[in-house]
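Descriptive analysis of the structure
What follows is the residue order along each chain.
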Amino acid sequence: MNKKTIGLLTAVIALLIAGIVYLGYSLNQEKQANQDMMELAALEKTDMENEYQQFADQYSEMKTRINNDSIVAQLTKEQERTQQLLEELRKTKADDAAEITRLKKELATVRAVLRSYVLQIDSLNRLNEKLMTENDRVRSELEQSNQHNQELASSNMSLSQKVAIASQLNATNIAMTPLTKKGKNHKKLKGAKTLSVTFVISRNVTAANGTRDVYVRVTTPQGEVLNGGGTFAYENRQLAYSMKKTIEYTGEETAVSLVWPITETLTGGSYNVSVFADDNMIGSKNFTFEK
């Protein structure tokens, strides 16, 4: 074997080694990105499981605070449905996006149904409280009225806790759109100057009115968060956000629009948009874009 052949083989071997090293590095980066996305998905799934369990427990408590057989039967039916959905969620893998999305929609329905029962029971108890207050004027029924009022006070305290959960905001119609310099929709990321994120916070008469800080967290296909320059508290830790907006919420349906300036090259693929408010994730949706 002459020197020329040996040199050629050496060069080929060197190229193969370099290729193997680069392939190993790329696979490691992809593995890390997938791991980060799985952790976020697992966190969201855990949050949903906790909410389902909390709602199921609240149905049990509500049944002890009402003496209406018809309403108790309805509460039992909704509790069983909530427990069934919880079991389906527990059996679902965190990376099953379609099933997680379905169960997230079901969770919003469960929350709305629970809210309606909270308001209904609260209304009944308020009416009873008024009647008992009037009965207090009758001296012969004073002892019975006082005892009943104590029970109502305890019931109202429990209902106040339920109202706090039922008052959680809910973001719907989430959309993310690349925009050109002139603000026109752009199908691809290449050539876009900004990313527009819009959504609607649903009507919620049980939620307190006032200003709200709304945070939007956009995650790239690589599992990285588009930088917005700040963090917010969530689940006893700090999360980076992409966009933030302070809104005035009146309990009615409220449209929200935010814009993120594109200052870096974005790759095509699946992007996740998560919306947070009042220390809760109130909505999330995935979008796929071409580069």
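Look up a bit, the structure's there.
Bear in mind that the values here come from a model prediction, so they are computed numbers and not experimental data. (Residues numbered from 1 in each chain as written. Predicted model: local features only at pLDDT ≥ 70, side-chain atom pairs only at ≥ 80, totals over all residues. Heavy atoms only, no water.)

Tallying each qualifying case throughout the model produces 10 salt bridges. Note that Lys188 and Glu290 form a salt bridge whose closest N and O atoms lie 3.9 Å from each other. Of this pair, Lys188 sits in the loop between β1 (171-179) and β2 (194-201) while Glu290 sits in the segment after β9 (280-289), and the two are 102 residues apart along the sequence. Of the residues examined, Lys188 reaches a relative accessible area of 41% and is grouped as partly exposed. In this structure Glu290 comes out as exposed when scored by relative accessible area, which is 52%. We note a salt bridge from Glu252 to Arg203, for which the minimum N-O separation is 3.1 Å. Remark: Arg203 occurs in the loop between β2 and β3 (210-219) and Glu252 occurs in the loop between β6 (243-249) and β7 (254-261); sequence separation between them is 49 residues. Judged by relative accessible area, which is 40%, Glu252 ranks as partly exposed. (Salt bridge = Lys/Arg side-chain N within 4 Å of Asp/Glu carboxyl O. Helix = DSSP H or I, 4+ residues; strand = E, 2+ residues; numbered from the N terminus. Buried < 20%, exposed > 50% of the residue type's maximum accessible area, 1.4 Å probe, protein only.)

By volume, the largest pocket is sized at about 1100 Å³. If you go around the largest pocket, you meet 41 residues; those closest to its centre are Glu44, Ile100, Lys104, Met281 and Ser284. At 10 residues, the largest contribution of residues to the lining of the largest pocket is made by helix α1 (residues 3-63). Here the residues of the lining of the largest pocket sort into 17 nonpolar, 14 polar and 10 charged. (1 Å grid on protein atoms, 1.4 Å probe; cavity = no way out; pocket = protein on both sides within 12 Å on 5 of 7 lines; lining within 4 Å. Points joined across faces, edges and corners; volume = space filled by probe spheres on them. Nonpolar A, V, L, I, M, F, W, Y, C, P; charged D, E, K, R; others polar.)

Our next topic: the packing of helix α2 (residues 69-91) against helix α3 (residues 97-135). Running from N to C, α2 and α3 point in directions that differ by 160°, and their axes come no closer than 11 Å. Of the possible angle classes, the one that applies to α2 and α3 is roughly antiparallel. You can see that α2 and α3 cross each other, and the crossing is left-handed. Judged by residue contacts, Ile71, Gln74, Leu75, Glu78, Arg81, Thr82, Leu85, Glu88 and Leu89 of α2 engage Glu99, Ile100, Arg102, Leu103, Glu106, Thr109, Val110, Val113, Tyr117, Gln120, Ile121 and Leu124 from α3. When its residues are assigned to classes, the contact of α2 with α3 shows 11 nonpolar, four polar and six charged. (Axes fitted to C-alpha atoms, helices over the stretch in contact; angles between N-to-C directions. Parallel < 35°, antiparallel > 145°, perpendicular 65-115°, else oblique. Left-handed = near helix turned anticlockwise from the far one by under 90°. Contact = heavy atoms within 4.5 Å.)

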